[in-house]
Amino acid sequence: MSKPLAERMRPRTLDDYIGQEHVVGKNAVLRQMIESGHISSFILWGPPGVGKTTLAYIIANMLKVPFFTLSAVTSGVKDVREVIAKAKSGGFFNAQSPILFIDEIHRFSKSQQDSLLGAVEKGIVTLIGATTENPSFEVIRPLLSRCQLYVLKSLDKDDLMGILRRAVTEDPELKQRKINLTETGAIMRYSGGDARKLLNILELVTNSTDAEEVEVTDVLVEALLQQNPLAYDKDGEMHYDIISAFIKSIRGSDPDAALYWMARMIEGGEDPQFIARRLVISAAEDIGLANPNALLLANAAFDAVMKIGWPEGRIPLAEAAVYLATSPKSNSVYKGIDHALAEVRESGNQPVPLPIRNAPTKLMADLGYHDGYKYPHDFPDNFTDQQYLPDELTKTRFWHAQHSPTEEKLYQRMLSYWGDRFKD
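Residues numbered from 1 in each chain as written. Predicted model: local features only at pLDDT ≥ 70, side-chain atom pairs only at ≥ 80, totals over all residues. Heavy atoms only, no water.

### Some thoughts on the overall build of the chain
- Helix and strand counts for the chain come out as 20 helices and seven strands.
- Oriented by its inertia axes, the alpha-carbon framework of the chain measures out at about 90 × 60 × 40 Å.
- Per-residue burial for the chain yields a buried fraction of 42% across its 424 residues.
- Taking all contacts inside the chain whose residues are at least 6 apart in sequence as the whole, residues at least 24 apart take part in 71%.
- Entry remark: accessible area of the chain is about 22,800 Å², with carbon and sulfur atoms responsible for 53%.
- Averaging the positions of the 47 positive and the 56 negative side-chain charges in the chain gives two centres separated by 4 Å. (Helix = DSSP H or I, 4+ residues; strand = E, 2+ residues; numbered from the N terminus. Buried < 20%, exposed > 50% of the residue type's maximum accessible area, 1.4 Å probe, protein only. Contact = heavy atoms within 4.5 Å. Areas by Shrake-Rupley, 256 points an atom, 1.4 Å probe, with all protein chains shown as cover. Lys, Arg positive; Asp, Glu negative; His and termini not counted. Charge placed at Lys NZ, Arg CZ, Asp CG, Glu CD.)

Set out below in structure tokens:
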């Protein structure tokens, strides 16, 4: 029985690997590590069908090391321990440790991820994880700190066309027939940046006829797939497009659109936790100090979904979505922390002013730590003017109020405390 086209066309070398130039292109960091013959543990984060699994196989092949693979969907702690035991007792003398590839690592529970820590830290295995979800939410911090993170992108049109042309000219079965790529709009739209889905559609089209010559057209693709090209696909690029539309509708204060895009996600089988998490992020990023209650409500909706489950969970999620969409908006905090982070990266570790340093020892006190500190609660309105920023940044502003009714009160208070420093 013939293997599926996507498997037959799986690249075996980096030269055949299409896309992700920022990671494995010439002089890219991961490629340099691979070519050096030694890699450290890392996690690949990106949408489905962009080459995460393929890249792991290519690396193992190039380094010529034992390669173990587990799926987080079907494997448990016992499976992890068995693989680690094999790696430990195998007597490998390679400079590079055996590779353990875990697909969908975000589905591993905390205990399953904990079981990996020792082996990764001691170098018994080199972990390569693949995930479609943000690792900072789904991977435990100790494991994440032991791994590099590489973000893979959806394949663009040129990448997809390259894969199509390679398939029709190099695949042993397809090249025996004449495959004309007359129109590619539909096949591109349906694939959504997913190479696997692209090749599956091409295979469906070519298998639909025994004719030696096959003409790929938009009408043929749409007829064979028999679905709406805009249907929500929680595993494809449309997933990212619809969550983007959902967040932008909230940001743009359109509750009807927010409910519509939420309904699209719900009907598409989206994970309720993913929707709830995005609501919490939106409340902090887009509403912020203009209505601090938004974050409380979004977080309450998250908790409610976890407690009551589905389908009733759609109600608190919808309540939060409408509340956020109809709330006043401000991204002053979002911009403020990004400005502060940029300053820290630019100016480095600026010294803490002596008066606001802690002085837990006599030596520190003798050196002037904490000397001159004025306790704000000892002053009227619990405020007194003193320096909190490093000397070189005393005139630097990070937070700029956006003057919504709620935020205006905060701004006026700062203006009364600090005077000209807070005048925008």
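### Quick look at the nonpolar core
- Judged by nonpolar contacts, the single largest core of 49 residues is most densely connected at Leu 30, Ile 39, Ile 59, Ile 128 and Leu 202.
- Setting aside its immediate chain neighbours within four residues, Ile 59 contacts Ile 34, Ile 39, Phe 42, Ile 99 and Ile 128.
- By size, the runner-up hydrophobic cluster in this structure holds 24 residues, among which are Ile 242, Ile 243, Ala 298 and Phe 302. (Core = buried A, V, L, I, M, F, W, Y, C linked by side-chain atoms within 4.5 Å.)

### Observations concerning the confidence of the model for the chain
- On average, residues of the chain score 83 in pLDDT, and 93% of them reach the 70 mark or higher.
- The element-level mean pLDDT for the chain is lowest in helix H19 (residues 362-366), coming to 68, with helix H17 (residues 314-326) highest at 92.
- Every residue in residues 228-232 is under pLDDT 50, and counting partners more than four places away or in other chains gives 15 contacts. (pLDDT = per-residue confidence, 0-100.)

### Details of a nonpolar patch on the surface
- Residues Tyr 373, Tyr 375 and Tyr 388 make up a contiguous nonpolar surface patch of roughly 290 Å² in combined accessible area.
- In this structure, Tyr 373 sits in the loop between H19 and helix H20 (405-418). (Patch = residues over 30% accessible without salt bridge, like charges linked within 9 Å, V, L, I, M, F, W, Y side chains within 5 Å. Salt bridge = Lys/Arg side-chain N within 4 Å of Asp/Glu carboxyl O.)

### Concerning the packing of helix H15 (residues 272-287) against H17
- Closest axis-to-axis distance for the H15/H17 pair is 11 Å, and the angle between their directions is 20°. Here H17 runs roughly parallel to H15, going by the angle between their axes. In this structure, H15 meets H17 at a crossing whose hand is left-handed. Touching Pro 272, Ile 275, Ala 276, Leu 279, Ser 282, Ala 283 and Ile 287 of H15 are Leu 317, Ala 320, Ala 321 and Leu 324, all from H17.
- In terms of residue class, the contact of H15 with H17 is made up of 10 nonpolar, one polar and no charged. (Axes fitted to C-alpha atoms, helices over the stretch in contact; angles between N-to-C directions. Parallel < 35°, antiparallel > 145°, perpendicular 65-115°, else oblique. Left-handed = near helix turned anticlockwise from the far one by under 90°. Nonpolar A, V, L, I, M, F, W, Y, C, P; charged D, E, K, R; others polar.)

### Structural notes on the sheet that holds strand S3 (residues 99-103)
- Taken in spatial order, the five strands of this open sheet run S2-S3-S4-S1-S5, and their pairing is parallel. Of all strands in the sheet, those bounded by a partner on one side alone are strand S2 (67-71) and strand S5 (148-151). If you compare each strand with its neighbour and ignore which way they point, the axes differ by 20° on average.
- Direction of pairing for strand S1 (residues 42-45) relative to strand S4 (residues 126-131): parallel, over a ladder of four bridges. What sits directly across from Leu 44, in S4, is Ala 130. (Pairing = 2+ DSSP bridges.)

### Brief notes about unusual backbone geometry
- Located in the positive-phi region is Gln 20, a residue other than glycine, with phi close to 60°.
- Examined against the element boundaries, Gln 20 turns out to sit in the loop between helix H1 (5-8) and helix H2 (21-24).
- A positive phi angle, near 60°, is found at Ser 253, a position not held by glycine.

### With respect to helix H3 (residues 29-36)
- Within H3, burial applies to Leu 30, Arg 31, Met 33 and Ile 34. Buried residues of H3, seen end-on, are gathered within an arc of 160° and therefore sit on one face of the element. Opposite the buried face of H3, at more than 90 degrees from it, the exposed residues are Glu 35 and Ser 36.
- Summarising the contacts, the buried residues of H3 are in contact with H2, S1, helix H4 (52-63) and S5. (Arc of directions from axis to C-beta.)

### A few points about the packing of aromatic side chains
- Here the structure, examined in full by the defined rule, presents six aromatic pairs.
- When the ring of Phe 383 is compared with that of Trp 418, the centres are 5.0 Å apart and the planes differ by 80°; the resulting orientation is edge-to-face. With a gap of 35 residues between them, Phe 383 in the loop between H19 and H20 and Trp 418 in helix H20 connect regions that are remote in the sequence.
- Three or more aromatic residues joined by ring pairs form one cluster here, namely Tyr 57, Phe 67 and Phe 101.
- Positioned above the aromatic ring of Trp 418, the side-chain terminus of Arg 421 is 4.7 Å from the ring centre. (Phe/Tyr/Trp six-rings, centres within 6.5 Å; stacked < 30°, edge-to-face > 60°. Lys NZ or Arg CZ within 6 Å of the ring centre and 35° of its normal.)

### Digging into helix H18 (residues 332-347)
- Counted at 1.5 Å a residue, the expected span for H18 with its 16 residues is 22 Å, and the 22 Å between its end C-alpha atoms agrees.
- Of all the positions in H18, only Ser 332, Gly 336 and Glu 343 are classed as buried. Looking straight down H18, one finds that the buried residues subtend no more than 35° of arc, so they occupy a single side.
- Contact partners of the buried residues in H18: H20.
- Looking one or two places after H18, you find Gly 348, whose phi comes out positive at around 75°. (Expected span 1.5 Å × (residues − 1).)

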